[in-house]
Amino acid sequence: MNARSRWLLISVGLGVLLNPLNSSMISVAIARLQDVYKLNYTNVSWVIFSFYIASAVAQPVMGKASDIFGRRTIFLAGLVVAFAASLLAPLSPSFVWLIVFRIVQSVGTSMMVAVGMAIIRIHITEKQATALSVMSIFLSGAAAIGPFIGGTLIHWWDWKAIFFVNIPFVVASFVLAWRTIPKDKPPVTTAKDMSVHKWFVWIDLPGILLFTVGLVSLLIGLLSAKSTGEITFLQVILGVVGLAFLTAFVRHELKAASPFIPLRTFAKYPEMMRVNVEYLLVNVLFYALFFGLPSYLQMVRGVSEFHTGILMLSLGLCSLVTAPFAGRWIDKSGPVPALMVSAILMTFGSVWLVTLDGNSPVSSVCIALAAFGISNGLNGVGLQAALFKSSPKEIIGVASGVFNTSRYLGTILSSLLISIVMGDKFSSGGLQVLGMILTVIALSLVFMSWRRQESEKLQNSQLP
C-alpha cells in the first residue's frame, strides 16, 4: 500500500469514526442525562433511538445521493454538518433540542459512513482486506473505546464534552480529505437534470416516510407499554399502525423504481441478504452488551462513569488488537473461519453474562467484554469482506448503505431489547435474562457460519 493510499485511509477513517464514536460515548452518559433532565431510562433511551433511526434512513439516501453529487462532495459536506451539530448539541436548552441535534449529528456522520467504504473500495485496489482491517479499527475500534473516552470526559468535565471532542477529528479529517480524496468523475445525471418530483421519486420519499413512521410508531407503542406496565388502547393502536406502515413499506419497496432499501436486490443476490441478516444479529448482540453493561454497572453496582469506562476499555482494546490480525487471516483464508470463531466467542460471552449475579466481582464482566471485543474485531473485517465478495462492484455503494442500515436496525433492536428486559430498573436478574436471550441469538450465528462453511466446501468440491 503506497503513501497516498495510507493517507486516504486515515482521512476517510477520521471522518467515518465519528458515527460509531458518538453512538457509543453516549452509553456511559445515560445515567447522567437521566439525572440532568429528570427522566427515566425509557425516555432517555430516545437519545440512542433517534441517532440510530436517523442513521438507518440517512445512510442509504446519502449513498444514492453520492451518485449525483459525488462521494467526495458528500463526505466533505458531512464533516461540515457534524461540526455544526457538535457545537450546538452542548448548548441544548432542553432534552427535545438535544434529540434534534443528535439527529443532525447522525445525518452528518452518516454521510461519511455512507460513502467512506465506497471510496476505499474504488480507490484502493490492492490488499483490500488489509485496508478493511484499518477501517475496522476506525469503525469498530471507535465504537469499542467510546465508553472509555466518554467516561473519562464526563468524569473530568461533563456530558457536554462528549460533543466538543468531535471538533479536532472533524477538522483533521476535512483538511486531509480535501487533499487526498480524488475528485469524482462527472455524473451521468446531475441535480439540475431532475425536477422536484423526479428527485422525490429517485430518493424514494414515500418509502422513507413509511419506514420512519412505522418504526417510530412501533417503538413508541412497545416502550410506553413497558414503561407503564400495562397495555392501553393507544399503545395497541400505535403498535398496529407501526406494523401496518412497515408492511406497506415492504410492499412499496418491492414495486418502487428506485427503492430506499432495494429488497429486490436481496432476491437477486441471496448471499448478500444472508450477510446483512448476520450483521443485524451481530449488532443486536454487541450493542445489547454495549449499552446494557454500562447502565448495569452504574445503576446496580454503583460504579462511576470513569471506572465504567475503564472496565469497558477491555472490549475496545481486544477489538483494536484483533482487527489487524483479522485482516491478514481473512486475506489468506477468506471470511468464513473468522466468522465462525467470532460466533463461538459471542456465545461464550453471552453465557458468561448468565453466570453473573450481585455477588460476582465487578471486574468479572471483563471476561464477557474481552470475548465480545475479539469477536467484534473479527466481525468488522469478516462481514465487510463477505459483503464485498457477495456484491457486484457496480452496486457496492448501495450494498454498503444497506449494510450499514442493517447495523443500525440491529442497534435499535438491541436498545429495544434492553428496555423490554430491564425496563426502568436495572437488576442482576435482568442481566441474566438478557444473557440467555443473547445466547440464543449467538447460537443462531454459529449455525449460519456453519452453513456457509458447508456451502463453500460443497462449491469447492464441485470445481474441476
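All values derive from a computational prediction rather than experimental measurement.

Visitor: Please clarify how the packing of helix α2 (residues 18-25) against helix α5 (residues 46-69) should be interpreted in this entry.
Guide: The packing of two helices is summarised by the inter-axis angle and the distance between the axes. At a minimum axis separation of 11 Å, α2 and α5 run at an interaxial angle of 160 degrees. It follows that α2 is roughly antiparallel to α5 by the angle criterion. In this structure, the crossing between α2 and α5 has a hand that is left-handed. Of the residues in α5, those in contact with N19, N22 and S23 of α2 are F51, Y52, S55 and Q59. Across the contact of α2 with α5, the residue classes break down as two nonpolar, five polar and no charged.

Visitor: Is there a simple way to explain the side chain of Q105 in this structure?
Guide: Along the polypeptide, Q105 turns up in helix α7 (residues 95-123). The class of Q105 is buried, set by a relative accessible area of 1%. Residues contacting Q105, with those up to four places away along its chain left out, are N22, F51, A85, S86, F163 and N166.

Visitor: Explain empty space enclosed by the protein here, please?
Guide: With a probe scaled to a water molecule rolled over the atoms, the places where space remains empty come into view. One pass over the full model with this rule turns up three cavities of 30 Å³ or more. When its volume is computed, the second largest cavity comes out at roughly 50 Å³. Looking at the second largest cavity, the residues that line it are E278, V282, L339, S342, A343, N379, L383, L445 and S449. Put simply, the parts of the chain that give the lining of the second largest cavity at least two residues each are α15 (270-299), α17 (335-355), α18 (365-390) and α20 (428-461). A per-element tally of the lining of the second largest cavity places α17 first, with three residues. Its residues assigned to classes, the lining of the second largest cavity comprises five nonpolar, three polar and one charged.

Visitor: Would you mind showing me how to read the environment of L238 here?
Guide: On the secondary structure map, L238 appears in helix α13 (residues 233-255). Note on L238: relative accessible area 22%, which makes it partly exposed. Sequence spacing of L238 and V216 is 22 residues, and the spatial spacing of their C-alpha atoms is 9.2 Å. Non-local contacts of L238, meaning those with residues more than four positions away in its chain, are made with S217, L218, I220 and G221.

Visitor: Could you clarify how one ought to interpret the pattern of salt bridges in this entry?
Guide: Opposite charge on two side chains lets them pair, provided their charged atoms get close. Tallied over the full model, the rule gives three salt bridges. Where R32 meets D35, a salt bridge forms, and the shortest distance between an N and an O atom there is 3.5 Å. In this pair, R32 and D35 both sit in helix α3 (residues 30-37), three residues apart, roughly one turn of the helix. Classification of D35 by relative accessible area gives partly exposed; the value is 44%.

Visitor: Just checking my understanding: could you explain the nonpolar core for this structure?
Guide: Side chains that are nonpolar tend, in soluble globular proteins, to be buried together. Core analysis: the biggest nonpolar cluster contains 120 residues, and V12, I26, V47, F75 and L98 have the highest contact counts within it. The leading source of residues in this core is α15, at 16 residues. Not counting residues within four places of it along the chain, the set of residues in contact with I26 comprises L33, V47, I48, R102, I162 and F291. Counting residues in each nonpolar core, the second largest holds six residues, with A326, A338, L378 and V381 among its members.

Visitor: Can you walk me through a nonpolar patch on the surface in this structure?
Guide: Residues F83, L87, L88, L91, F164, V171 and V175 make up a contiguous nonpolar surface patch of roughly 590 Å² in combined accessible area. Elements with a minimum of two residues in the nonpolar patch: α6 (71-88) and α10 (166-180). A total of three residues in the nonpolar patch trace back to one element, the largest contributor, which is α6.

Criteria and cut-off values
Residues numbered from 1 in each chain as written. Predicted model: local features only at pLDDT ≥ 70, side-chain atom pairs only at ≥ 80, totals over all residues. Heavy atoms only, no water. Axes fitted to C-alpha atoms, helices over the stretch in contact; angles between N-to-C directions. Helix = DSSP H or I, 4+ residues; strand = E, 2+ residues; numbered from the N terminus. Parallel < 35°, antiparallel > 145°, perpendicular 65-115°, else oblique. Left-handed = near helix turned anticlockwise from the far one by under 90°. Contact = heavy atoms within 4.5 Å. Nonpolar A, V, L, I, M, F, W, Y, C, P; charged D, E, K, R; others polar. Buried < 20%, exposed > 50% of the residue type's maximum accessible area, 1.4 Å probe, protein only. 1 Å grid on protein atoms, 1.4 Å probe; cavity = no way out; pocket = protein on both sides within 12 Å on 5 of 7 lines; lining within 4 Å. Points joined across faces, edges and corners; volume = space filled by probe spheres on them. Salt bridge = Lys/Arg side-chain N within 4 Å of Asp/Glu carboxyl O. Core = buried A, V, L, I, M, F, W, Y, C linked by side-chain atoms within 4.5 Å. Patch = residues over 30% accessible without salt bridge, like charges linked within 9 Å, V, L, I, M, F, W, Y side chains within 5 Å. Areas by Shrake-Rupley, 256 points an atom, 1.4 Å probe, with all protein chains shown as cover.

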